[in-house]
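The chain contents come next:
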Protein chains: 2
Amino acid sequence: MSAGEQRERKPRADVQRNRTALLETAQRHFLQHGVGTSLEAVAKEAGVGPGTLYRHFPTREALLAAVLHTRSEELVARQAGIDQLADPAQALEQWLRAMEEYFSAFSGLPDPLMAAARAQEPDNPLTIPCHTLITATDQYVQAAQLTGHVRDSVRGNDLFLAACSVAWIKGTGADEESLDRLRTLIASGYRRQDTQA
Amino acid sequence: MSAGEQRERKPRADVQRNRTALLETAQRHFLQHGVGTSLEAVAKEAGVGPGTLYRHFPTREALLAAVLHTRSEELVARQAGIDQLADPAQALEQWLRAMEEYFSAFSGLPDPLMAAARAQEPDNPLTIPCHTLITATDQYVQAAQLTGHVRDSVRGNDLFLAACSVAWIKGTGADEESLDRLRTLIASGYRRQDTQA
DNA sequence: ATCAAAACGGATGCTGCCTCCGTACGCATT
DNA sequence: AATGCGTACGGAGGCAGCATCCGTTTTGAT
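Residues numbered from 1 in each chain as written. Chains lettered and ligands numbered in written order. Predicted model: local features only at pLDDT ≥ 70, side-chain atom pairs only at ≥ 80, totals over all residues. Heavy atoms only, no water.

## Considering the protein's contact with DNA strand D
At step 1: In the vicinity of DNA strand D there are 26 residues, among which Arg12(A), Asn18(A), Arg55(A), Arg12(B) and Arg60(B) approach most closely.
At step 2: When atoms of DNA strand D within 4 Å of the protein are sorted by moiety, sugar and phosphate together comprise 60%.
At step 3: Contact distances for DNA strand D include 2.9 Å between a base oxygen and a side-chain N or O atom of Arg12(B).
At step 4: Here Leu39(B) contributes a backbone N or O atom positioned 3.1 Å from a phosphate oxygen of DNA strand D.
At step 5: Of all the secondary structure elements, the ones that give two or more residues to the surface near DNA strand D are α1 (13-33) and α3 (50-56) of chain A together with α1 (13-33), α2 (39-46) and α3 (50-56) of chain B.
At step 6: In terms of residue class, the surface near DNA strand D is built from seven nonpolar, eight polar and eleven charged. (Near = heavy atom within 4 Å. Polar contact = N/O pair within 3.5 Å; in protein donor to acceptor, adjacent residues only side chain to side chain. Helix = DSSP H or I, 4+ residues; strand = E, 2+ residues; numbered from the N terminus. Nonpolar A, V, L, I, M, F, W, Y, C, P; charged D, E, K, R; others polar.)

## Looking at the nonpolar core
At step 1: Ranked by size, the top nonpolar core spans 126 residues in total, and within it Phe103(A), Phe160(A), Tyr190(A), Phe103(B), Phe160(B) and Tyr190(B) carry the most contacts.
At step 2: Excluding its chain neighbours within four sequence positions, the residues that come into contact with Tyr190(B) are Leu185(A), Leu92(B), Glu93(B), Leu96(B), His149(B), Val150(B), Arg151(B), Val154(B) and Leu159(B). (Core = buried A, V, L, I, M, F, W, Y, C linked by side-chain atoms within 4.5 Å. Buried < 20%, exposed > 50% of the residue type's maximum accessible area, 1.4 Å probe, protein only. Contact = heavy atoms within 4.5 Å.)

## Comments concerning the UniProt feature "DNA-binding region" (unreviewed entry) in chain A
At step 1: Within this numbering scheme, the UniProt entry marks residues 38-57 of chain A as carrying the feature "DNA-binding region" (unreviewed entry).
At step 2: As a span, residues 38-57 of chain A carries 75% helix and 0% strand, and end to end its C-alpha atoms are 14 Å apart. (UniProt positions renumbered as here; feature names shortened; annotations may be inferred.)

## Comments concerning the domain arrangement of chain A
Residue and element names in this part refer to chain A.
At step 1: Split into domains, chain A comes out as domain 1 (10-58) and domain 2 (67-190).
At step 2: Computed from C-alpha atoms alone, the centre-to-centre distance between domain 1 and domain 2 is 28 Å.
At step 3: Taken together, the contact between domain 1 and domain 2 spans seven residues of the former and seven residues of the latter.
At step 4: Contact between domain 1 and domain 2 buries roughly 640 Å² in total, counting both sides, with carbon and sulfur atoms accounting for 70%.
At step 5: Seen at the junction of domain 1 and domain 2, the total is zero salt bridges.
At step 6: The interface formed by domain 1 and domain 2 includes one residue pair in polar contact (both at pLDDT 80 or more).
At step 7: For the side of domain 1 that touches domain 2, a count of residues per class yields five nonpolar, two polar and no charged. (Domains from an automatic or database assignment. Buried area = accessible area lost by both parts, 1.4 Å probe. Salt bridge = Lys/Arg side-chain N within 4 Å of Asp/Glu carboxyl O.)

## Overview of the packing of aromatic side chains
At step 1: For the structure shown, the criterion picks out nine aromatic pairs over all chains.
At step 2: Arranged with centres 5.4 Å apart and planes meeting at 40°, the rings of Phe30(B) and Phe106(B) form a pair that is tilted. Of the two residues, Phe30(B) is situated in helix α1 and Phe106(B) in the loop between α5 (88-103) and α6 (110-117); the sequence distance between them amounts to 76 residues.
At step 3: Note on Phe106(B): relative accessible area 1%, which makes it buried.
At step 4: Taken together, Tyr102(A), Phe103(A) and Phe160(A) form an aromatic cluster joined through their ring pairs. (Phe/Tyr/Trp six-rings, centres within 6.5 Å; stacked < 30°, edge-to-face > 60°.)

## Let's talk about the interface of chain A and chain B
At step 1: Across the contact, 34 residues belong to chain A and 34 residues belong to chain B.
At step 2: Between Asp158(B) and Arg181(A) there is a salt bridge; the shortest N-O distance is 3.0 Å.
At step 3: Put simply, chain A and chain B have ten residue pairs in polar contact (both at pLDDT 80 or more) between them.
At step 4: Elements that contribute at least two residues to the side of chain A that touches chain B include exactly α6 (110-117), α8 (156-171) and α9 (176-190) of chain A.
At step 5: Looking at the side of chain A that touches chain B element by element, the count peaks at nine residues for α8(A).
At step 6: Each residue belonging to the side of chain A that touches chain B can be placed in one class, and the counts come to 14 nonpolar, eleven polar and nine charged.

In structure tokens:
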């Protein structure tokens, strides 16, 4: 009636119900079997037909993006804590760790993530979140550069890639020691004059 | 007849013929469509049935390993050249580059490679080649450490992982500039006191 | 020329993807 | 309480790829 604000029919109840059921089931399956898990199995276990799954989430990536969206709340929570830190170098380090854990939540996640990060695919539902993360990383980098802890040549994108890499390697089943050595190597790469052995 | 050297029937001609046809076709398909390419399509284009393919190469990885074996000749050729270099730091750098290019020959190759590298799967046909490469990398690392160009804390395995990572990122379609920045970051990570920006 | 071993190859069963359309459900209206 | 309409459901079905099995063909040896 009033200007432009069309009076819509109230959305059906089963829509929201199915959507959340799908998201929960999908998250469980992604956790257990990686991002390549069978969507048919997800649908069946959520108690819906394949058609319903595909209507809610037209592609695997759409489903993945939706699941990640709920998961990202945890990330922003950590971000709040990190922003409290006085030392920008420490903040950067913890932020990288937080991203890495976020990326390695599901095995195989880094691949679609990288595919989305290279943009040029505005329809990819993961593109926006990716660029948000890169920008956030760049902020931490710049803050740490101002205090002289990080080389000026480093960009947020570089460390985003590095975090993705570590997450990818973790997903391939590498042992924790190798991962720690690699993290150290990367840290030596972005930190200024860190001359110890 | 003579001691123990059992006189075997001469192997059939079509075996070798089919094997090489499969390898050539497989390499082409791996190059064009990545390691996930359809094996049925490979068999068809090689002019054999699926059964023949699977008899020659029981798993996708076996086929992949065989193709990589022929490709590795190129790598050892480069290795000979690298061993001529006087500067161990330069040798290490070039060796890493050579590995990286070897790993990124087919899109998706780094994943099965990493799966094989974590050993514990002696039946995986890629395991042995992987460990050979890690050992070779360690040699270059140690040589460069003797001249003080590389941090003592670095191990061959670390740089093997790093090379895999870069190859993986390359395979996801990253632009060349990002790759170069990442390589630089890693180099800053393993080199001793490289204090410039 | 014949034989037996060895290799072939395609038919087959299976799993997963994704679409399409008849059906059922839920909200609004009476 | 009953009716009607639009929305959402869900499963059947077509397709592609994997991996196996077994009747048939090829090949080397005699």
